[in-house]
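Per-entry structural report
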There are 6 protein chains.
Amino acid sequence: MLLTRKIEFSASHSCFNPELSEAENQALYGAEANPQGHGHNYLLEVTLRGEPDAVTGMVVDLKDVKAILEREVVDPMDHRHLNREVPPFDRVVPTTENLVVEIWKRLEPQFASGPARLHSIRLYETDDMFVEYEGR
Amino acid sequence: MLLTRKIEFSASHSCFNPELSEAENQALYGAEANPQGHGHNYLLEVTLRGEPDAVTGMVVDLKDVKAILEREVVDPMDHRHLNREVPPFDRVVPTTENLVVEIWKRLEPQFASGPARLHSIRLYETDDMFVEYEGR
Amino acid sequence: MLLTRKIEFSASHSCFNPELSEAENQALYGAEANPQGHGHNYLLEVTLRGEPDAVTGMVVDLKDVKAILEREVVDPMDHRHLNREVPPFDRVVPTTENLVVEIWKRLEPQFASGPARLHSIRLYETDDMFVEYEGR
Amino acid sequence: MLLTRKIEFSASHSCFNPELSEAENQALYGAEANPQGHGHNYLLEVTLRGEPDAVTGMVVDLKDVKAILEREVVDPMDHRHLNREVPPFDRVVPTTENLVVEIWKRLEPQFASGPARLHSIRLYETDDMFVEYEGR
Amino acid sequence: MLLTRKIEFSASHSCFNPELSEAENQALYGAEANPQGHGHNYLLEVTLRGEPDAVTGMVVDLKDVKAILEREVVDPMDHRHLNREVPPFDRVVPTTENLVVEIWKRLEPQFASGPARLHSIRLYETDDMFVEYEGR
Amino acid sequence: MLLTRKIEFSASHSCFNPELSEAENQALYGAEANPQGHGHNYLLEVTLRGEPDAVTGMVVDLKDVKAILEREVVDPMDHRHLNREVPPFDRVVPTTENLVVEIWKRLEPQFASGPARLHSIRLYETDDMFVEYEGR
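I will try to describe carefully the structure that is included in this document.

**A word on the relation of the copies chain F and chain A**
Least-squares fitting of chain F to chain A yields an RMSD of 0.0 Å, with the superposition described by an axial translation of 0.0 Å and a rotation of 180 degrees. In symmetry terms, the pair is related by a two-fold rotation axis. Relative to the rotation axis, the closest C-alpha in chain F is found at F:G39, a distance of 1.5 Å. A symmetric contact is evident, with 100% of the interface residues of chain F recurring at the interface of chain A.

**Considering the pattern of salt bridges**
According to the stated counting rule, one finds 48 salt bridges over all chains in the structure shown. The shortest N-O distance in the salt bridge between E:K63 and E:D61 comes to 3.4 Å. Of the charged contacts in the structure, one is a salt bridge between F:E72 and F:R71, with a shortest N-O distance of 3.0 Å. For F:E72, a relative accessible area of 17% translates into the label buried.

**Notes on the interface of chain F and chain A**
Listed per partner, the contact involves 19 residues of chain F and 19 residues of chain A. Together chain F and chain A conceal approximately 1600 Å² of surface at their shared face, both sides included; 41% is due to carbon and sulfur atoms. Broken down residue by residue, the surface that chain F buries against chain A is led by F:Q36, F:N41 and F:H79, which jointly contribute 36%. Scanning the region where chain F abuts chain A turns up zero salt bridges. Across the contact surface, chain F and chain A share 22 residue pairs in polar contact (both at pLDDT 80 or more). Ranked by the residues each element gives to the side of chain F that touches chain A, the list is headed by strand β2 (residues 38-49) of chain F, at four residues.

**Focus: the relation of the copies chain A and chain B**
Two copies of the chain are present, and they differ by a rotation about an axis and a shift along that axis. Between chain A and chain B, which share one sequence, the superposing operator has a rotation angle of 120 degrees and an axial displacement of 0.0 Å; the RMSD is 0.0 Å. What we have between these two chains is a three-fold relation. For chain A, the minimum C-alpha distance to the rotation axis belongs to A:D127 and amounts to 8.7 Å.

**Re the side chain of C:T4**
Locating C:T4 in the fold gives a position in strand β1 (residues 2-13). Residues within four places of C:T4 in sequence aside, it is in contact with C:E45, C:V46, C:T47, F:D128, F:M129 and F:F130.

**Section: the interface of chain A and chain B**
The partner chain B presents 21 residues to the 17 residues of chain A that form the contact. Taken over both partners, the interface formed by chain A and chain B buries close to 1500 Å², and the fraction arising from carbon and sulfur atoms is 57%. Counting the surface chain A buries against chain B, the share from its top three residues, A:M1, A:T4 and A:K6, is 34%. Seen at the junction of chain A and chain B, the total is zero salt bridges.

**A closer look at the layout of surface pockets**
Size it by volume and the second largest pocket reaches roughly 1200 Å³. For the second largest pocket, the lining is made up of 44 residues, of which A:E132, A:E134, B:E132, B:E134 and D:E132 are closest to its centre. Residue classes in the lining of the second largest pocket are distributed as 14 nonpolar, 12 polar and 18 charged.

**Description of the arrangement of the chains**
A gap remains between chain A and chain E, with no contact made and the closest C-alpha atoms lying 12 Å from each other. As for chain F relative to chain D, no contact occurs, and the smallest C-alpha gap between them is 15 Å.

Conventions and cut-offs
Residues numbered from 1 in each chain as written. Chains lettered and ligands numbered in written order. Predicted model: local features only at pLDDT ≥ 70, side-chain atom pairs only at ≥ 80, totals over all residues. Heavy atoms only, no water. Least-squares fit on C-alpha atoms with pLDDT ≥ 70 in both. Contact = heavy atoms within 4.5 Å. Salt bridge = Lys/Arg side-chain N within 4 Å of Asp/Glu carboxyl O. Buried < 20%, exposed > 50% of the residue type's maximum accessible area, 1.4 Å probe, protein only. Buried area = accessible area lost by both parts, 1.4 Å probe. Polar contact = N/O pair within 3.5 Å; in protein donor to acceptor, adjacent residues only side chain to side chain. Helix = DSSP H or I, 4+ residues; strand = E, 2+ residues; numbered from the N terminus. 1 Å grid on protein atoms, 1.4 Å probe; cavity = no way out; pocket = protein on both sides within 12 Å on 5 of 7 lines; lining within 4 Å. Points joined across faces, edges and corners; volume = space filled by probe spheres on them. Nonpolar A, V, L, I, M, F, W, Y, C, P; charged D, E, K, R; others polar.

Laid out in structure tokens, this is it:
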């Protein structure tokens, strides 16, 4: 059974690779390359896999899930400029693709020993675009 | 090919296990344990798997699907207090997890011999939390 | 200038007037009359009117608004059966119309002396139906 | 990793099979059979599978994806009557099921040699019904 | 107090004025001028003004409102080609603006003598564009 | 009659008043004060008032409206850090309240002589908070 919890955070980012020239960055990322950064209301869906407990009827305690998501993702990333304040995005371009890999790395160990395992994460940069990742 | 139909129902429930003490219920379910019940507008997504018919171009007649969902889920559960009026929730805690198992049991036989099989169901308790089930 | 903050709460209610017969209640409210109650995820939009402060650029501090909404509406109503646990709904039928009047009575004094006055409230019972009230 | 881009188009269609009698069409499709056509705001979600590039951090350049979707789907179908103006729907009933097959045929070759392969498409006819297809 | 009920219908239309040349129609309406028509899932919000009844706590019986909206708007317009099947759109261009005027004319008399008067209607042609009308 | 067009832009901002101390900024704006900035997907609704033209059936040509919104709002603000790149937000705190005043100033003259006047603008900073402004 899969259980999904959504959570939001607002952050700035620049899609700018310092190893490339400014012209190359412009060609690659267009307006996203603006080094001052621009921002999004990111919507994150975290999906866990597990079985409902025979006594509680719950796969996992949602209060625990929320606490983990806030501690590992929202607290360090919300209201931040990702490139300037949230490693490894000082040296890794914070595309949505690289963001889901980083969020997976932060969340996967938190669920490694509990009643439910991390199954997949989906991150919406805008309503019209999202990335989904299962850890490989 | 997968075809999904959404449907809504409004119901009350208490997350309260009568085999546990009130303190244990409070610790487990928090505000959800209030035995008077509270309510949700549940959103159910029912996904069927099948092939489009060569003549009709349809996997399944959606009028039939809607009739099954109304007869098996909406009529017995809509505007009801699940714990008090909808078995087995007099003895099974109506968490979202247990609800999807029960809805699966009700729907799966209805599609066992038709042109499309039940593939998965997704149930949103709120906009921020949903459970998905494929029958195991 | 108008500033609106949304907030949600989940509650049960029965649309049942104890002064009327059961047949009259059924005729009036249909499935909503079930005395066990059924539930909704209520979505409340609270609109304040004021001018942005010349120094802060804010009409009102949103942290204060959120604290008021939680203390006056969410804490007493969320995860409650309105008819059984939230006066005056032990004697007033908790239709959406009567709910907005009660929420107005609770919120209006809280904003009577601050930088922004309560302008209107909108309450969604479901996605398809909402009521709007300006205090008269 | 999966990356999804949404795009919309507005089109008319009739669910009417010219090989069947009018009574058979009515029985099959109900109001959808009206040969004058009726319309929808179709929402299309196109999902690609690929790996983020080590330098750019992107699975695929979204500007390229958007250009392909506009050239192959939106330009020929938006603001069109599908049965009358968009082959093969002069002879294939434009049900949502047949539409996803046709859209798959148009899109799959466009991504056959690029950094990301077409993984699945989802088409919403209305908010309450959608079809998902993976090419078989 | 204002009470709003939403309802949807799917229809085709062409924005094409037969008194103008084809070039003028193209210049005015662009792709909307295609005479074969294209379609939308129209979302209609109907707002009534009234006072909650002291006994029932309701401004109006929502079952009655729904029946009126279905009889006056959905039944004649849903799954129709507006220009070809729904007068006066054989001679009046069915822009969203002209549609709200026609819907107002159909609905206003239905609420002229009941407990609640028609206050305004809002019609979404797409998620991104809507028109609102108060009868003048 | 009122006609509304929605449009989105993504931007970064800091709610930080350089005339105040850092402690005062923290107390006022909390996490919003981070001078590196954070971002939002802003949703702007622009409402015009006018009468439908007798020949065209349109209040205004939506292609013109879109061109004005893109030239005056989206092009200068999208993918920008408002405080650093969009005057007057180098000296005016870019709260949502101050943003709507600035957007009004930019848009109102554009519609001063056309067939439809600017009636109101609504700006969503997140799904849960929006500000509405009518020019005074």
